[in-house]
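Here is what each chain is made of, one letter per residue.
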Amino acid sequence: MTKLFNYIYITATMLALAACHDEPQWDNTAAGNLDALWTIIDEHYCFLDQKGVDWDAAKGKYMAKIKETAGEKGKISQIELFDILAEMLRELDDGHVNLISNFDASRDWVWEEYPENYNERLVNENYLHFDYRRTSGMKYQVIDEGKVGYLRYGSFSSGIGEGNLDAVISYFKDTEGLIIDVRSNGGGYLTNVETLVARFITERLHAGAISHKTGKGHADFSKPYDYYFEPASGRVMYTDKPIIVLANRGSFSATNTFVSIMKSLPQVTVVGDTTGGGCGLPFTAELPIGWSVRFSSAPIYDSDGNLTEWGVDPDIKIDMNNDDIAAGRDPILEKAIELIINYKLN
Amino acid sequence: MTIKSYIKRLCCLTAMLASFGMAGAAEADSVTPLRPVVSIFSAEIGGAHMLDTYLSPLRYNGLHLGLAWEHIQATGFAPERWIRRLELSADYNRTHNPAGNHRNHALQAQAQWSLMRRWRVAAPTADLQLMAGGETTLRGGMLYSGHNSNNVVSARGHWSIGAAAMAVYNTRLGRLPVTLSYRLSLPVAGVFYSPEYGESYYEMYVGNRGGLAHFGWWGNRFDMENLLAVDLHLGATVLRLGYRNRFATSWVNSLSVRERNHAFVIGIGGEILSLGYRHATTASPHTISSIY
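Scope of this entry: the structure provided in the associated data block.

### Some thoughts on the sheet that holds strand S12 (residues 316-317) of chain A
Residue and element names in this part refer to chain A.
- Here 7 strands make up an open sheet; going across it, the order is S2-S3-S4-S5-S8-S9-S12 and the pairing mixed. The sheet is open, and its two edges are formed by strand S2 (133-135) and S12, each paired on a single side.
- Pairing between S2 and strand S3 (residues 138-143): 3 bridges, direction antiparallel. For Arg133, the partnering residue across the bridge sits in S3 and is Tyr140.
- Along the sheet, helix H8 (residues 254-263) contacts strand S8 (243-247) and strand S9 (268-272); its crossing angle with S9, the most-contacted strand, is approximately 135°.

See below:
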């Protein structure tokens, strides 16, 4: 009997210890913080294989930089450490990857290197004549003698009320087509993407698929899960007229997803530049020093099963140069107006 | 009929009703003993130590606050040998990261019900009772990490069955009656919620809710709760002073969750007897207390 009790006790203790899985903690030193950052990315970042990043090599490379910077004095300032860690993160070439401290936020924003292709003042002055309505983070007006609806949505972080959206779309009821301007919209909540798209579809839409990491290995992913958007039944819809989506490199993250989904609709044409990409849903972790690190964690695929991490190409590529700006012209917006006017003729 | 005769008849009727009542009570006493309820409201304050790798790889430490209501009573069946205990509680942890610049907030609620066999052990100077039995626990809430992006919250949900034990020692501190007690809750198996390693709430929102519930056992989850209490009997009121320790850990989908609380407990309550018409009492009713 005593043997039996001992056996049960030992087994129970071993099982309980199995549940007590401890996690490694890092020292708040330069090397400790680099090791923490490297491990977080190594175990959680979702595009290491797709981007062909030699992440193992990065650790040695930047650890050596820390030693080199510390030199004989053996010390490194916070700013020096931040710059080295930020440089390591730039190996990922991802706009969703940021190191955030109390004095800086590192970034790898591809859109900063491309033509901006959007000038808000120019649109307000020369096309809206400073006369527009605003609600739920949206700016809207009818232009071109009331034939064209213009809807500017600057951030998917701005909540969209269904009632507000009813009012906006009702305002466009006599137009011949609608322009949705999401240039330089850096993203926000994916739920707002669904709210908006639901007004432009007549049946259940395969919006894309989403996957997630299932473990620490670089190839540990779940099977992509198809997700669908339903039409906003009982609400004011805009489904039987052409829609032109204006995009640029600053159309990033949730906006990139919005453009990708809208592009799959038959009545939609995307005009402007390739979007900024960013199809990985970001998570956040932190380092012992207290800095946050944001990184792509869960890949979102388009309806054809492709990653749009490097952006969505427009149907019609147009850039806006300095001469256009000097002349007060927005060739991307003008092309959109032209497409709507000619759509009826065709 | 005069007023005097009315009063006489009323007195007779009252006496008759009273005697029926006494007889009924005496009959009830022989069948149904009185089972007072020990009811204690308590508050606790202490330290919290938390790790949830869905939100952060770092351990957080900070403040733990809690409220609890404990209800203990001898059972209706075999009241000398069995007691039941119910505890409803809610707790809040405000913790910070090692650098001290990020805060997490955890809010959880718990319901715990146990049924325990009682053994009375004669001690030289007082009464010692040992109790052991089964327990079921339902606990849930969330841990909120406001500085995060899509992993801003970690939901918690856990239902378990397990073992419960109590030791109660009634003694005196000078002339003051004192009850020393220890409670142990040890969940053994159950069901608990956990997302997959990098699964977002958005993915759950769009419909992928499979695999969120996990069978919990000591291979992937271990919980334990201890309460040491000193109940000071100040007349009909009980003042409780104590120490509570709660430990919970899980390891599933390569996600590690740990929570450890230590808290000083202060409470007030007493032993309450509900006397309805069915519990009309005699001069010396048979009363079975749960722990006192």
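Here the narrative resumes, following the displayed structure.
### What to know about the interface of chain A and chain B
- The partner chain B presents 36 residues to the 36 residues of chain A that form the contact.
- For the side of chain A that touches chain B, the element with the most residues is strand S10 (residues 280-286) of chain A, which contributes 6 residues.
- Classifying every residue of the side of chain A that touches chain B gives 19 nonpolar, 12 polar and 5 charged.

### A closer look at unusual backbone geometry
- Phi at Glu145 of chain A is positive, roughly 60°, even though this residue is not glycine.
- With phi around 60°, Ser254 of chain B is a residue other than glycine that occupies positive phi space.
- When the 17 C-beta atoms within 10 Å are taken as the criterion, Ser254 of chain B is described as partly exposed.

### With respect to the pairing of S9 of chain A
All names here are of chain A.
- Within S9, 4 of the 5 residues are buried, which leaves the element mostly enclosed by the surrounding structure.
- Bridge analysis of S8 against S9 gives 5 bridges, and the strand direction is parallel. Following the sheet pairing, Ile243 is matched in S9 by Val268.
- Regarding the hand of the β-α-β motif, the stretch spanning S8, H8 and S9 is right-handed.

Conventions we followed
Residues numbered from 1 in each chain as written. Chains lettered and ligands numbered in written order. Predicted model: local features only at pLDDT ≥ 70, side-chain atom pairs only at ≥ 80, totals over all residues. Pairing = 2+ DSSP bridges. Helix = DSSP H or I, 4+ residues; strand = E, 2+ residues; numbered from the N terminus. Contact = placed C-beta atoms within 7 Å. Axes fitted to C-alpha atoms, helices over the stretch in contact; angles between N-to-C directions. Nonpolar A, V, L, I, M, F, W, Y, C, P; charged D, E, K, R; others polar. Buried ≥ 20, exposed ≤ 12 C-beta atoms within 10 Å, placed from the backbone. Right-handed = clockwise from strand over helix to strand, strands pointing away.

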